[in-house]
Amino acid sequence: MAMVDEPLYPIALLIDELKNDDIQLRLNSIRRLSTIARALGEERTRKELIPFLSENSDDDDEVLLAMAEELGVFIPFVGGIDHAHVLLSPLESLCTVEETTVREKAVDSLCKIGSQMKETDLVDSFVPLVKRLAAGEWFAARVSACGLFHVAYQGCTDVLKTELRSSYGQLCQDDMPMVRRAAASNLGKFATTVESSFLITEIMTMFEHLTKDEQDSVRLLAVEGCAALGKLLEPQDCVARILPVIVNFSQDKSWRVRYMVANQLYELCEAVGPDCTKTDLVPAYVRLLRDNEAEVRIAAAGKVTKFCQLLNPELAIEHILPCVKELSSDSSQHVRSALASVIMGMAPILGKDSTIEHLLPIFLSLLKDEFPDVRLNIISKLDQVNQVIGIDLLSQSLLPAIVELAEDRHWRVRLAIIEYVPLLASQLGIGFFDDKLGALCMQWMQDKVYSIREAAANNLKRLAEEFGSEWAMQHIVPQVLDMVNNPHYLHRMMALRAISLMAPVMGSEITCSKFLPVVVEAAKDRVPNIKFNVAKLLQSLIPIVDQSVVDKTIRQCLVDLSEDPDVDVRYFANQALRSIDAAAVAQS
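Residues numbered from 1 in each chain as written. Predicted model: local features only at pLDDT ≥ 70, side-chain atom pairs only at ≥ 80, totals over all residues. Heavy atoms only, no water.

*Asks:* Is there a simple way to explain the overall build of the protein chain in this structure?
*Replies:* Each helix and strand counted, the protein chain has 39 helices and zero strands in total. Principal-axis analysis of the C-alpha atoms places the extent of the protein chain at approximately 90 × 85 × 40 Å. Looking at the protein chain as a whole, 53% of its 588 residues are labelled buried. Sequence-distant contacts, at least 24 apart, represent 67% of the contacts inside the protein chain between residues at least 6 apart. Carbon and sulfur atoms form 50% of the exposed surface of the protein chain, whose accessible area is close to 26700 Å². (Helix = DSSP H or I, 4+ residues; strand = E, 2+ residues; numbered from the N terminus. Buried < 20%, exposed > 50% of the residue type's maximum accessible area, 1.4 Å probe, protein only. Contact = heavy atoms within 4.5 Å. Areas by Shrake-Rupley, 256 points an atom, 1.4 Å probe, with all protein chains shown as cover.)

Structure, rendered in C-alpha cells:
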C-alpha cells in the first residue's frame, strides 16, 4: 500500500504546504516545483500539478512572483515544446493580478514559452490568450497583453495579424493611462515584427496617437519609441514622421518628456541622418542644454560628448561649446557634476588647438568648483586631455590646480589625486615630478584620514616601480626611515607599512642594509600596535632576504617579541616564527 501511495506524496505535500499559513513554507514549496515535477513525471505534472497551480489563488505577491518565475522554465517538465501550451493557463491568471512585478514576470515567462512554441500551438493557444487579455475588463490584463503581441504576431495567418494590429491600436487609445503607457513602451518591440508595408499605415498612426496623449507619462514613453521606430523606417519616412515629433517633444510642456528627449537625442541623430541633425536636432539640443529645469540640463549635459561625436568639430564649437561654458557655471552643482563627468571626452573630438582655446578654461573653472564631486570627475579623466594637448601644456595649465587639490579639504578628492599621481609621474618624468609633486607624496603619509595614508604608502611603492630603486633611495627611503622616529605612533606605523610595500621593489640588498636595522629597532617601541606590525613586517621580509639574515637577525627579534607581555604581539611573533620554520622545512 505504501508503494501505491508514494507517487501521490509530492503533490499532497505541495498542496499542504501551499495552504499553510507560513509564507516561507509556501515560498519553499513553489521554489521546489521543478523537483516535484520530476517526482511526478511529465504526464502527472500536466494533468495534476499545472491544473492545481491554475486554481491556486494564493494572494501573497511573493509566492505568485516565485510561481511566475518557475513556470517560465517549466517546458522540459511537462514533456517539451509539444505540451508547452499547458503552461499558459496558470500564467494567464498571473497576468491579471494587481501587483506589477508579478505581472511583469508572468509576461516575461509567457514570452519565453511563446518563442519556443510550435506555430500551430501559437495560433491555437497563445494568440487566443493574448486576445482574451487585450479584451479583459480589468486594466491589469490589458497592460499584460501589450507585452505579448510581438511574440504572438510571428507565425500568424494574415487574418489574425490584422486582428492583432487592430487590437493593439485600441490599446493605444485605451481609457486607462496605465494601458496606454504599456502600449507606448512595447510599441517598438511590436513594430519590429510587423511587415514594413503596415509600418506607415498602421504603426505610425498608433505612434502619433501616443505622442499627442494628454498624460506626460505616456508621452515620455513614446520618446523611447522614436529611436526604435526611426531605425525601422526608410530615411525619408523617418525625417517626415519622426523628426517633427522629436522637435515637438524637445519643447514639451512637461519637463519629464524633455528629460527623456535629452537622454535619447544622440540615438535619434543616427535615425534621421547628418543633414537633419544639423538643421533640426542641434537647435533642439541647444534648447535642452539651456532648459529652465535642472533635471533636463543634467540629462543633456551628461550626453554632450556623445552628441558632439555625431557632429563635425566646427558645428560643436559654434553651437554646443557656448552652452557648455554656461553649464560650467550653472547654479545647480549636479549639472556641473554631470558636465564634469563627460567634458574631458570632448578633447579628442575638438582636437588640440580648440581644446587649448575653448576647453582648458572650462576644465580649470571646474577643477576649482566648490562642489567636490565636480572636481573629482575632472581629475579622474585627465588622461583623455593629456593625449590631446601633451604633457607640457597640461603641466603649465592644469598642474597648479592639481597641486592645490592635493590639499583639498575633502578626503575623497585627495584620494583621487593620489591614485592619479603614478600615471602623472610616468607622463611628467622624474625632473618635473621631483619639482612639483615629490613633497606632496610624503605629506600624504601623515594625513588625518587612514585611507589617504594607506593610498600614500601604495603610491610610494608604485613610484619606486616607475622611477627605479636608485631614485627611491635618493628621494623616498630617507624620508620614510625618518618617519619611524615620528612622535605620533600612527605615523610610525605608516612608515612600517611603506617599508613592507617597498621592500619587494627595492630588493634584498637595500632591505638588509637600510630597512631591517630600522625595523628591528622599532621592535622595542612602547606601543603594542607598532610591535605586532613589526612582527607582520618581519614575516613578509622572510622571502626577500637571505636565509643567513633570517637566522641571525629576524629570528632573534621575533623570539624577543614572542615573550612580549601583549597577547597580540606574542600571537603575530609566533605566527612569523612558524613561517620561518615552514620555509626551512620546504628548503630542506
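*Asks:* Mind showing me how you'd approach the packing of helix α18 (residues 274-289) against helix α19 (residues 294-302) here?
*Replies:* Each pair of packed helices can be described by the angle between their axes along with the distance between the axes. Following both chains from N to C, one finds α18 and α19 inclined at 130 degrees, their axes separated by 8 Å at the closest point. Classified by the angle their axes make, α18 and α19 are oblique. Contact with α18, carried on its side by Y285, L288 and L289, involves V296, R297, A300 and A301 of α19 and no other residues of that element. Counted by class, the contact of α18 with α19 contains six nonpolar, no polar and one charged residues. (Axes fitted to C-alpha atoms, helices over the stretch in contact; angles between N-to-C directions. Parallel < 35°, antiparallel > 145°, perpendicular 65-115°, else oblique. Nonpolar A, V, L, I, M, F, W, Y, C, P; charged D, E, K, R; others polar.)

*Asks:* Any chance you could explain the packing of helix α4 (residues 33-40) against helix α5 (residues 42-55) here in plain terms?
*Replies:* The interhelical angle for the contact between α4 and α5, taken along N-to-C directions, is 135 degrees, at an axis separation of 7 Å. Classified by the interaxial angle, the pair formed by α4 and α5 is oblique. Counted together, L33, A37 and L40 of α4 and E42, R44, T45, L49 and L53 of α5 form the full contact between these two elements. Split into classes, the residues belonging to the contact of α4 with α5 amount to five nonpolar, one polar and two charged.

*Asks:* Looking at this model, I keep getting lost on the pattern of salt bridges. Mind explaining?
*Replies:* Note that side chains of opposite charge can pair when their charged atoms are close. Across all of its chains, the model carries 22 salt bridges by this definition. In this structure, the salt-bridge partner of D174 is R142, at a minimum N-O distance of 2.7 Å. Remark: R142 occurs in helix α10 (residues 139-146) and D174 occurs in the loop between α12 (158-172) and α13 (177-193); sequence separation between them is 32 residues. (Salt bridge = Lys/Arg side-chain N within 4 Å of Asp/Glu carboxyl O.)

*Asks:* Teacher, can you tell me more about the packing of aromatic side chains here?
*Replies:* The relation between two aromatic rings is expressed through the spacing of the ring centres and the mutual angle of the planes. The final tally for this structure, using the stated rule, is 11 aromatic pairs. When the centroid spacing of 4.8 Å and the interplanar angle of 70 degrees are considered together, the rings of F467 and W471 count as edge-to-face. The pair formed by F467 and W471 is uniform in burial state, with each residue classed as buried. Members of the aromatic cluster, connected to one another through ring pairs, are F149, Y153, Y168 and F190. A cation sits over an aromatic face here: K536 above F572, 5.1 Å from the ring centre. (Phe/Tyr/Trp six-rings, centres within 6.5 Å; stacked < 30°, edge-to-face > 60°. Lys NZ or Arg CZ within 6 Å of the ring centre and 35° of its normal.)

*Asks:* Help me out: how do you make sense of the nonpolar core in this one?
*Replies:* Inside soluble globular proteins, nonpolar side chains tend to come together where they are buried. With 216 residues, the main nonpolar core has F74, F126, I320, I343, W444 and L558 as its most contacted residues. Not counting residues up to four positions away in its chain, the partners in contact with I343 are T305, V324, L359, I362, F363, L366 and I378. (Core = buried A, V, L, I, M, F, W, Y, C linked by side-chain atoms within 4.5 Å.)

*Asks:* Looking at this structure, I do not really get helix α24 (residues 352-367). What am I missing?
*Replies:* Its 16 residues place the ends of α24 only 20 Å apart at the C-alpha level, less than the 22 Å of an ideal helix rising 1.5 Å per residue. The largest bend along α24 measures about 50 degrees and falls at L359, with the proline P361 one to four residues further on. When α24 is considered as a whole, its buried residues turn out to be S354, T355, H358, L359, L360, I362, F363, L366 and L367. (Expected span 1.5 Å × (residues − 1). Bend = angle between axes of the 7 residues up to and from the residue.)

*Asks:* Explain the environment of R497 here, please?
*Replies:* The topology assignment puts R497 in helix α35 (residues 489-506). Taking the C-alpha atoms as reference points, R497 and C323, 174 residues apart in sequence, are found 48 Å from one another. Contacts of R497, omitting those with residues within four sequence positions, involve E454 and A457. Of note is the side chain of R497, whose polar atom sits 2.9 Å from the side chain of E454. (Polar contact = N/O pair within 3.5 Å; in protein donor to acceptor, adjacent residues only side chain to side chain.)

In short, geometric facts, not functional conclusions.
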